[in-house]
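Structural overview for review
Okay, here's what each chain looks like letter by letter:
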Amino acid sequence: MEQLSITSNDDVVIVRQKVRAHAIDLGLSLVDQTKVVTAASELARNTLVHAGGGQACIEVVQNGMRRGLRLVFSDNGPGISDLDLALTDGWSSGGGLGLGLSGSRRLVDEFTLDSDPGRGTVVTVTKWTR
Amino acid sequence: MDRVPILKIGDVLLVSIQGDLDDQSVLTLQEDLAERVVATGAVGVIIDITAVEIVDSFVGRMLSTIAGMSRMLDAETIVVGMRPAVAITLVELGLSLGGLRTALDLEKGIALLGRTASAPLDDLSAVGQ
Amino acid sequence: MTVQESSSRRRIEDLMRENEDRLVDRWVEISNAPLRGRVVDSDVRRELRDLLRALLRSSESPDGGADLRGLLADLSRTRARQGFTPGETALAVFTLKEAVYELVEADGGEEVLHGYISLSRTIDELGLYTFEAYTAAREKIIADQTEQLLELSTPVVKLWDGIVAVPLVGTLDSARTQVVMEKLLQTLVDTGSEYAVIDITGVPAVDTQVAQHLLKTVMAARLMGAHCIISGIRPQIAHTIVTLGIEFGDIVTKATLADALAFALRQSGVEVVNRRRTRVSVRAEEA
Ligand SMILES: Nc1ncnc2c1ncn2[C@@H]1O[C@H](COP(=O)(O)OP(=O)(O)OP(=O)(O)O)[C@@H](O)[C@H]1O
Ligand SMILES: [Mg+2]
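Residues numbered from 1 in each chain as written. Chains lettered and ligands numbered in written order. Predicted model: local features only at pLDDT ≥ 70, side-chain atom pairs only at ≥ 80, totals over all residues. Heavy atoms only, no water.

**Things to note about the pattern of salt bridges**
Stated formally: We define a salt bridge as a contact between a side-chain nitrogen of Lys or Arg and a carboxyl oxygen of Asp or Glu at a distance within 4 Å. Working definition: helices are DSSP H or I runs of at least four residues, strands are E runs of at least two. Numbering for both runs from the N terminus.
Taken as a whole, this structure holds 32 salt bridges over all chains when the rule is applied. A salt bridge links B:Glu76 to B:Arg101; the shortest N-O distance between them is 3.1 Å. Taken as a pair, B:Glu76 in strand β4 (residues 76-80) and B:Arg101 in strand β5 (residues 101-103) lie far apart in primary sequence, 25 residues in all. Three or more residues joined by partner-sharing salt bridges are found here, namely A:Arg16, A:Glu42, A:Arg45, B:Asp20, B:Asp23 and B:Asp56.

**Focus: the sheet that holds strand β2 (residues 12-16) of chain B**
All names here are of chain B. What counts, and what does not: Pairing between two strands requires that DSSP report at least two bridges joining them. Between N-to-C directions, angles span 0 to 180 degrees; the directions come from axes that are lines fitted to C-alpha atoms, helices contributing only their stretch in contact. Contacts are residue-level and defined by heavy atoms, with any inter-residue pair within 4.5 Å sufficient.
The strand order across the open sheet built from 5 strands is β1-β2-β3-β4-β5, with neighbouring strands paired in mixed fashion. Among the strands making up the open sheet, the edge pair consists of β1 (6-9) and β5. Within the sheet, the average angular offset between the axes of one strand and its neighbour, ignoring direction, is 25°. One ladder, built from 5 bridges, connects β2 with strand β3 (residues 44-48); its direction is parallel. What sits directly across from Val 15, in β3, is Ile 47. Docked against the sheet, helix α2 (residues 57-72) engages β3 and β4, running at close to 155° with respect to β4.

**Some points on the interface of chain B and chain A**
What counts here: Accessible area that two parts lose when put together, evaluated with a 1.4 Å probe and summed over both, is termed the buried area.
If you look at the interface, chain B gives 20 residues, while chain A gives 23 residues. Between chain B and chain A, the buried area comes to about 1900 Å², and carbon and sulfur atoms account for 57% of it. The largest share of the area that chain B buries against chain A comes from B:Ile54, B:Glu92 and B:Leu93, three residues that together contribute 29% of it. Linking chain B with chain A are 6 salt bridges, by the criterion used here. One salt bridge connects B:Glu53 with A:Arg20, and the closest N-O pair in it is separated by 3.8 Å.

**Some words on the sheet that holds strand β2 (residues 54-63) of chain A**
Residue and element names in this part refer to chain A. Taken in spatial order, the 5 strands make up an open sheet running β1-β2-β3-β5-β4, and their pairing is antiparallel. Only two strands of the sheet have a single neighbouring strand rather than two, namely β1 (2-6) and β4 (110-116). Each strand axis lies, on average, 15° off the axis of its neighbour in the sheet, ignoring direction. Looking at chain direction, β1 and β2 are connected through 5 bridges and run antiparallel. Bridging across to β2, Gln 3 finds its partner in Cys 57.

**Some points on the packing of aromatic side chains**
We count it as follows: Paired rings are identified among Phe, Tyr and Trp, the last through its six-membered ring, by centres lying within 6.5 Å, and are further divided according to the angle between planes into stacked (under 30 degrees), edge-to-face (over 60) and tilted (the rest). Both a distance and an angle decide whether a charge sits over a ring: NZ of Lys or CZ of Arg must be within 6 Å of the ring centre and within 35 degrees of the ring normal.
Inspection of every chain in the model, using the stated rule, returns 1 aromatic pair over all chains. The lysine or arginine in question, C:Arg79, covers the ring of C:Phe84, its NZ or CZ lying 5.5 Å from the ring centre.

**Re the site of ligand 1**
Note the threshold: We call a residue near a molecule or strand whenever a single non-hydrogen atom of that residue lies within 4 Å of it. As used in this structure description, the phrase polar contact means that two N or O atoms lie within 3.5 Å; if the pair is within protein, one of them must be able to donate a hydrogen and the other to accept it, and residues adjacent in sequence are counted only when both atoms belong to side chains. For the accessible areas, the method is Shrake-Rupley and the probe is 1.4 Å, while residue cover comes only from the protein chains on display. In this count, Pro and Cys sit with the nonpolar residues alongside Ala, Val, Leu, Ile, Met, Phe, Trp and Tyr, while Asp, Glu, Lys and Arg are called charged and the others, Gly among them, polar.
In the vicinity of ligand 1 there are 18 residues, among which A:Asn46, A:His50, A:Ser92, A:Ser93 and A:Leu99 approach most closely. The environment around ligand 1 is built from residues contributed by chains A and B. Contacts to ligand 1 include A:Gly100, whose backbone N or O atom sits 3.2 Å from an oxygen atom. The protein chains hide 93% of the 590 Å² of surface that ligand 1 would expose on its own. Of all elements in the fold, only α2 (30-51) and α4 (100-107) of chain A reach the threshold of two or more residues within the shell around ligand 1. Tallying contributions element by element places α2(A) first for the shell around ligand 1, with 3 residues. Looking at the shell around ligand 1 residue by residue, the classes come out as 6 nonpolar, 10 polar and 2 charged.

**Considering unusual backbone geometry**
Despite not being glycine, B:Asp74 has its phi angle at roughly 70°, a positive value. For B:Asp74, the position within the fold is in the loop between α2 and β4.

**Focus on the environment of B:Thr89**
Stated formally: Classification of residues uses two cut-offs on accessible area relative to the type maximum, computed with a 1.4 Å probe and protein chains only: under 20% is buried, over 50% is exposed, and between them is partly exposed.
As for its placement among the helices and strands, B:Thr89 is situated in helix α3 (residues 84-93). We classify B:Thr89 as buried; its relative accessible area is 1%. Residues B:Thr89 and B:Ile54 lie 35 residues apart in sequence; the distance between their C-alpha atoms is 8.3 Å. Not counting residues within four places of it along the chain, the set of residues in contact with B:Thr89 comprises A:Val31, A:Thr34, A:Lys35, A:Thr38 and A:Leu107. Within the local environment of B:Thr89, its side chain forms a polar contact with the backbone oxygen of B:Ala85, the two atoms lying 2.8 Å apart.

**As for the environment of B:Glu53**
Looking at the secondary structure, you find B:Glu53 in the loop between β3 and α2. Sequence-distant contacts of B:Glu53, defined by excluding residues within four places in its chain, comprise A:Arg20, A:Thr34, B:Arg83 and B:Val86.

**Observations regarding the domain arrangement of chain C**
When the parts of a complex come together, some accessible area is lost, and that lost area is often taken as the interface size. Let me state the cut-off plainly: Boundaries between domains were set according to an automatic or database domain assignment.
Splitting chain C by domain gives domain 1 (3-146) and domain 2 (157-267). For domain 1 of chain C versus domain 2 of chain C, the distance between C-alpha centres works out to 53 Å.

Right, here's the structure in full:
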């Protein structure tokens, strides 16, 4: 398990690199590596931009026969009051494309978004080996 | 922060992105390119992403923005060398990159630029969308 | 584990340590008996001795179990590959009980017997673990073979300079379509081809997922700077696509592979002229 803090643009780059390294270790296919790293990039940037920083946790998990990479992005930022809206393709509270959350959901196998408005947000994603 | 070098070859600007850029470097590149297009009167911009391992929404938006900006400055932008895994991921992410023109490699990008530089704009919209 | 239990456990483990050589000999003997010469004694001896040492180490350090599980996983993997059954594999572990019991009997003390019960539980867990590791190893072998089959069943062929095709035959499932998609796109890069023909003449039916994958392939190819043509769409498939409401939009479709090739040739500036006898004349495109 690896815990990284996200407080700058450089940290987003580091998250991408660490996630890539774990994905390779785990034996994910090149396309799956690319998908999970891209999702991590989106979620790490959200943590930085929308919550002013937070944490990323990278973990290898096992479910019966399958192994997977689990990423948890957590912050103590403003939270999200309307989760459905935030997960809508193209919806952004700022000037973004609004594809970070909805798009990364499509790039992984499991996706959960928990948010407590005023307290923070936790996004957990998992990519399983095939 | 890395600054991505911009080369000028004839009246084409060539940018070859190496490695993993942080968001600030991406924005800087966007600004640098706009400046250079104006300063040089370039008719084409080629962005080579052969070495790029992921394109997320931030980089994707930068590519679209550069294409839009340079079009207004009368230069065509062509993105070359996108890897299959990157393309598959972009489709899944939902980024259409509409209006962005692409070619398999640098050589084909340059050929595409030569072919269409003098053609009317209407014809261009059908290519590489 | 209670204090008492852990002290009796320590007692039996000491006993095992003191008699390591004898124990390993017996264990090898008992576990190899049903395998009748399908293994090399000296290999097994080394494997089991390492396992025993790891087991004895594992109760000393808090994370000692990882080492042990690693060894067990290795053992299961090699046996799965050598064609042993999961039962035979697990037996290698379970037979340790019998070998240890002989020590317990010789000792005769009550504390050792208590320790034996606790050790027995651990050995059961380890035996079950080899089952899981064995199955995982088999799954991996099967998955690898499936992948190889998929690769073989989807040849990407070069039709012309700059034009590749993948003729799909048989039922397409989501996994196969995905493999095809990746292979086709990689071939575009490797051969510098700007045109790809996906011929589905030999495909009896498609479902929503497969149609979506085809669609995504076409979009991904476009992002890379190439063009896809889908040929040989049967009436039923066309019907499915329309009823499913999948937007095929501005994707170029052609009735036959030949039509698709002619289209791609024309697009890339090659002129196909029909002379008295069919001949192809090629005129290089003006750059
Ligand atoms: N960690 C977070 N804390 C608070 N709000 C968040 C967080 N993550 C996302 N949001 C909210 O959800 C919205 C949608 O996020 P999403 O990533 O999809 O789009 P975006 O970040 O605005 O644009 P982009 O497409 O560039 O990522 C954001 O605009 C923001 O309001
Ligand atoms: Mg975002």
